Amino acid sequence: MYLSTLTFTLLVLPLTLLLFYLIPQKAKRVYLLVVGLLLYGFGNPLRVLVPLTYVLFDYGVGLLLKKAASHRFLSRSIVMLTAAFQAAVLTAVRLVSDGNREFLFPLGMAIFTLSGIGYLIGVHRKKHEAESNILSLALYLTFFPILYAGPLISYGEFQSQLAKNRHNIVNLGSGIGLFIRGLAEKVVLADTLGYLFRELRQTAPASISMLTAWLTVTVFSMYLYFELLGYADMARGLGLCFGITLPKHFGQPFMTSSVTAFMESWNITHIHWFQVNFRDFLFRNIRHRWTKYASLVLMWMLIGVWYGTSLQFLLWGLIIGILLAAEQFVLGRVIKRNYAFGLLYTGMSLQFAWVLLFTDSMTEAALYWKAMVGFGAGLADRFGVYFFTSYIVFLLISFYIATDLFRNITERVAVTAIGRKIASLMPLIECVLMIFCFACMLYKRIPAALWLQL
Amino acid sequence: MKNKYHYHMVIMIVLVYVAVIFNTGFRGFPKPTLKTLSNGVWGTQVEAFLEEKIGFHDSLFRLRSQIDLVFGEKSIRDVYITDEMLLEKLDSQDAASIPQSAALLNRFYEKYHIPTYFILVPSASEIYEDLLPLNAVKENQRQLISETYAAVSTGIRYVDACNILSSLKEEYIYYRNDTHWTSYGAYAVYQSAIHKMGFTAVPYNRYVVSHVRTDFRGDLYESTLYSEIKPDILDRYTYENGAKIVSVTAHYADGSTEDRGTALYDESALESGDMYRFYLGKPSPMLEIRTDLENDKRLLIYKDDFADCMIPFLIQHYSEICVVDLTESLEVTHRLADPAKFTQILFLSSMESWETLWLHAKETE
């Protein structure tokens, strides 16, 4: 069940929260686990076998690692083998499930894989003990808010927070507020952008104009941002309602002056995961400069494939990796001296790279690139102009939210008397936002999970 | 100060939920069965139910669409909002399907060799193209219609509804809140069609026109809930000295029939949510109409619902009319009505649904 549906927000969520706060302390963990599995199996009870298999597998390997703790080489080999095995299973399932875009499908599997591998590597590196209570591990792997798009949290952190029983009215209030903001990011912004994107994509790529091509790419990148940000913020809000503070998953990456800065605010916990569990784990001892660049590029190719199992995603990762390496090597110094150049270079290179994520083939991507540099079907067409004029206000608002360029204005207002007035009105504003979210959910113009069907 | 936020938040959101949930009508909430639970259909049913029945549904819907309009969007759910009327966004149609759909008609004509007539009706968006928002892209129906006409064999005679309707643009020929044409629009095309079919049209002034409803809001209103447009008028045309209906029989796919007496118009529809049904009553795969004329002229009509308000004019010329719904499978309709028994055949459909109709017909041919 998706978090941005009326079924969840109107019926399931209040019921879940109410019961969670009513039942005795001892039962709360088991309750969360059961809710997670029920939501996962909603619509197809057999699917519950997927998380259960992961739990059993990771639990068993964890205990094995505990036994082998004194044999570092053996322990390391086990971790690498099981990680490779899980990654292979994920890739195979995705290839079989006939879709190269479905990075969430089968729902949660990508997250099970990442959390599971992270847990095992953590045990190997003695960051936390191997879990002897299978229920605790099961709760960690099936904690339902994060199954859609993260954010990831390390096993040790999750357990220590759970032990503190941090569910109280303060966290509940902030959690609800954060959930509403996340829901709004998803159903108000992402859904409108997604609708716009789908309309724009109806033009045959061969007859696309420069304006439409740029509009499509811009709308796509912002759609993707708000879709993932929305799900992550909903997850963080829900987590807080249950007393778990999940890490920030997105910053405001647009209009940054380097790809490095952009990617530091993009899918933060996922990229951090790859940094810790792939790059640090495998290449920690290799200090040579060029090898470092190579491992960076390799990591980004892996992230690309994690987004979607096709050649285009691999190429996307490769391009991002090379740009990041180039920035570390020499480009970074140029950008530092010339901010405007940095903005232009980052915007351009990322816009061209996004094309790879939504087109169906390299030929199609090439047609988009051709149109973007002005060799498509003219500069503008009626179609593009119509959507541009219809949605320009909306696009500007979305853009304002997605960039931190004007952040200082907001900050300066926040400390004034008006700013404090607004802050005290926040609950009211958020409730109105929630009502508007209901309106958006019943107005639905695109399926709840468009990204899965692109 | 900071602490208050959480209490306010929790209390206020509870109030919002209480208000919405207590105004949601849970009557008819989809019941789960073992089957719908296991294949995931129940979840979809629940979501669809909530989208319809959530408390304050209409106000929430209008709030959402108004915000879009304020920001510069000119349509609500694929319907353009203009000052005078609601105009549907036309689906882009596959030009390659034209020769294929024409071939289907030609095969039909080759098989029976009965005088066949063909009318494709454009949508209001084509006739009132100039009302559409600036730069709005629209399918060129006029061209599609003439291409389709050009591709049917010469034996089949067609009526250029586009030009007839365009010349009457200033008149009330399309509903403002509905996709269909008005009775007057249908009359104008009937006049020209019946001439080609070998009859003299009944002059307009012979009819007594009565407004049966003046508050008709049709399917375009239903999908936009946009109430700034003037409601529509539903007309009944009565020809006192004309031919009378002897019997109306509806045939259903399962073989059952329903005797509808001598009434073509369905008064009960005027009180229902679907007032346009007034013209031909409840949809059925085939409707058999007999009149007191004894000229042995029998007409078979293959139609979509645009034909509904033209039938009252056509009955003045035939002793028997069979109205076959093209949305039903041809297999059923062939079983109900054998085309060979008729003296004339008329294909009448809106261009907007023609593509889906002939695709459907091809599958069941």
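These figures come from a predicted structure and were not determined experimentally. (Residues numbered from 1 in each chain as written. Chains lettered and ligands numbered in written order. Predicted model: local features only at pLDDT ≥ 70, side-chain atom pairs only at ≥ 80, totals over all residues. Heavy atoms only, no water.)

The next subject is the overall build of chain B. Across its full length, chain B carries 13 helices and 13 strands. Principal axes of the C-alpha set define a box for chain B whose edges measure 90 × 50 × 45 Å. Across chain B, the fraction of contacts at a sequence separation of at least 24, relative to all contacts at a separation of at least 6, is 71%. Looking at chain B as shown, the accessible area adds up to about 16800 Å², and 53% of this sits on carbon and sulfur atoms. (Helix = DSSP H or I, 4+ residues; strand = E, 2+ residues; numbered from the N terminus. Contact = heavy atoms within 4.5 Å. Areas by Shrake-Rupley, 256 points an atom, 1.4 Å probe, with all protein chains shown as cover.)

Attention now moves to the overall build of chain A. Per the secondary structure count, chain A includes 19 helices and zero strands. For 454 residues, the compact-globule estimate of 2.2 N^0.38 gives 22 Å, and chain A sits close to it at 23 Å. Here chain A holds 454 residues, and the buried ones make up 56% of them. In chain A, the share of contacts with a sequence separation of at least 24, taken over all contacts with a separation of at least 6, comes to 75%. Counting every atom, chain A has about 18600 Å² of accessible surface; 71% of that belongs to carbon and sulfur. Charged side chains in chain A number 37 positive and 20 negative. The centres of these two groups are separated by 8 Å. (Rg over C-alpha atoms; globule rule 2.2 N^0.38 Å. Buried < 20%, exposed > 50% of the residue type's maximum accessible area, 1.4 Å probe, protein only. Lys, Arg positive; Asp, Glu negative; His and termini not counted. Charge placed at Lys NZ, Arg CZ, Asp CG, Glu CD.)

The next subject is the domain arrangement of chain A. Residue and element names in this part refer to chain A. According to the domain assignment, chain A contains domain 1 (6–165) and domain 2 (171–453). One C-alpha centre belongs to domain 1, the other to domain 2, and the line joining them spans 26 Å. Across the boundary between the two partners, domain 1 contributes 45 residues, which contact 45 residues of domain 2. Applying the counting rule to domain 1 against domain 2 returns zero salt bridges. Summed over the shared surface of domain 1 and domain 2, the number is five residue pairs in polar contact (both at pLDDT 80 or more). Among the elements of the structure, α1 (6–22), α4 (72–96), α5 (109–124) and α7 (155–163) are those that each provide at least two residues to the side of domain 1 that touches domain 2. With nine residues, α1 is the single largest residue contributor to the side of domain 1 that touches domain 2. Taken together, the residues that form the side of domain 1 that touches domain 2 break down as 30 nonpolar, nine polar and six charged. (Domains from an automatic or database assignment. Salt bridge = Lys/Arg side-chain N within 4 Å of Asp/Glu carboxyl O. Polar contact = N/O pair within 3.5 Å; in protein donor to acceptor, adjacent residues only side chain to side chain. Nonpolar A, V, L, I, M, F, W, Y, C, P; charged D, E, K, R; others polar.)

We now examine unusual backbone geometry. A negative phi angle characterises most non-glycine residues, just as the trans form characterises most peptide bonds. Residue and element names in this part refer to chain B. For Phe56, which is not glycine, the phi dihedral falls at a positive 60°. Of note, Phe56 is situated in the loop between α3 (41–53) and α4 (57–71). The exposure class of Phe56 is partly exposed, given its relative accessible area of 42%.

Within the structure shown, the criterion is met by 20 salt bridges over all chains. Ionic pairing is found between Asp191(A) and Lys186(A), a salt bridge with its closest N-O pair at 2.9 Å. Since its relative accessible area comes to 16%, Asp191(A) is described here as buried. Among the salt bridges present, the one from Arg213(B) reaches Glu271(B), with a minimum N-O distance of 3.5 Å. Taken together, the residues span a long stretch of sequence, with Arg213(B) in strand β6 (residues 208–216) and Glu271(B) in the loop between β9 (257–259) and β10 (286–291) at a distance of 58 residues. Overall, the relative accessible area of 68% leaves Glu271(B) in the exposed class. A single salt-bridge network, built from bridges that share partners, covers Lys186(A), Asp191(A) and Glu227(A).

All names here are of chain B. The strand order across the open sheet built from eight strands is β5-β4-β13-β11-β12-β10-β8-β9, with neighbouring strands paired in mixed fashion. Single-partner strands in this sheet number two, and they are β5 (157–159) and β9. Neighbouring strand axes in the sheet, compared pairwise and without regard to direction, differ in orientation by 20° on average. Pairing geometry for β10 and strand β12 (residues 320–325), over five bridges, is antiparallel. Its bridge partner lying in β12, Met286 is registered against Val324. (Pairing = 2+ DSSP bridges. Axes fitted to C-alpha atoms, helices over the stretch in contact; angles between N-to-C directions.)

In this section: the sheet that holds strand β3 (residues 86–88) of chain B. If you walk across this open sheet you meet the three strands as β1-β2-β3 (chain B), and the pairing is antiparallel. Edge positions in the open sheet fall to β1 (75–76) and β3 of chain B, since each of these has one partner strand only.

Once that is clear, we can look at the interface of chain A and chain B. Facing the 52 residues of chain A at the interface are 49 residues of chain B. Between chain A and chain B the total buried area reaches about 4400 Å² when both faces are included, carbon and sulfur atoms providing 68% of it. Together, Tyr386(A), Leu442(A) and Tyr443(A) form the three largest contributors to the area buried by chain A at its contact with chain B, with a combined 18%. Counting the contacts that link chain A with chain B gives zero salt bridges. (Buried area = accessible area lost by both parts, 1.4 Å probe.)

Another point: a negative patch on the surface. Taken together, the side chains of Asp219(B), Glu222(B), Asp274(B) and Asp305(B) make up a negatively charged region of the molecular surface. With respect to the element layout, Asp274(B) can be found in the loop between β9 and β10. (Patch = residues over 30% accessible without salt bridge, like charges linked within 9 Å, V, L, I, M, F, W, Y side chains within 5 Å.)

Turning to the nonpolar core, a few remarks are in order. As a rule of thumb, soluble globular proteins bury nonpolar side chains together. Trp266(A), Phe438(A), Tyr174(B) and Trp181(B) are the most contacted members of the largest nonpolar core, which totals 267 residues. If you tally residues by element for this core, the top one is helix α9 (residues 210–241) of chain A, at 18 residues. When near neighbours in sequence (up to four residues on either side) are disregarded, Phe438(A) contacts Leu6(A), Thr9(A), Leu10(A), Val16(B), Tyr17(B), Val20(B), Ile54(B) and Leu60(B). (Core = buried A, V, L, I, M, F, W, Y, C linked by side-chain atoms within 4.5 Å.)

The side chains of a regular strand alternate, residue by residue, between the two faces of the sheet. Residue and element names in this part refer to chain B. Within strand β4 (residues 116–121), six of the six residues are buried, leaving the element largely enclosed by the surrounding structure. Residues of β4 alternate between two faces, with Thr116, Phe118 and Leu120 on one and Tyr117, Ile119 and Val121 on the opposite face, all of them buried. Taken together, the six bridges between β4 and strand β13 (residues 344–350) define a ladder with parallel strand orientation. Bridge assignment links Ile119 to a residue of β13, and that residue is Leu348. In this sheet, β5 lies alongside β4 in parallel orientation, the contact comprising three bridges. Paired with Tyr117 across the two strands is Arg157, which belongs to β5.

The subject of this paragraph is a positive patch on the surface. All names here are of chain A. Taken together, the side chains of Arg72, Lys126, Lys127, Arg284, Arg287 and Lys292 make up a positively charged region of the molecular surface. Mapping Lys126 onto the fold places it in the loop between α5 and α6 (134–141). For Lys126, a relative accessible area of 53% puts it in the exposed group.

Attention shifts here to the side chain of Lys28(A). All names here are of chain A. With respect to the element layout, Lys28 can be found in helix α2 (residues 28–41). Buried within the structure, Lys28 lacks any salt-bridge partner; Glu131 is the closest side chain of opposite charge, at an N-O distance of 20 Å. For Lys28, the side chain forms a polar contact with the main-chain oxygen of Phe20, separated by 2.8 Å.

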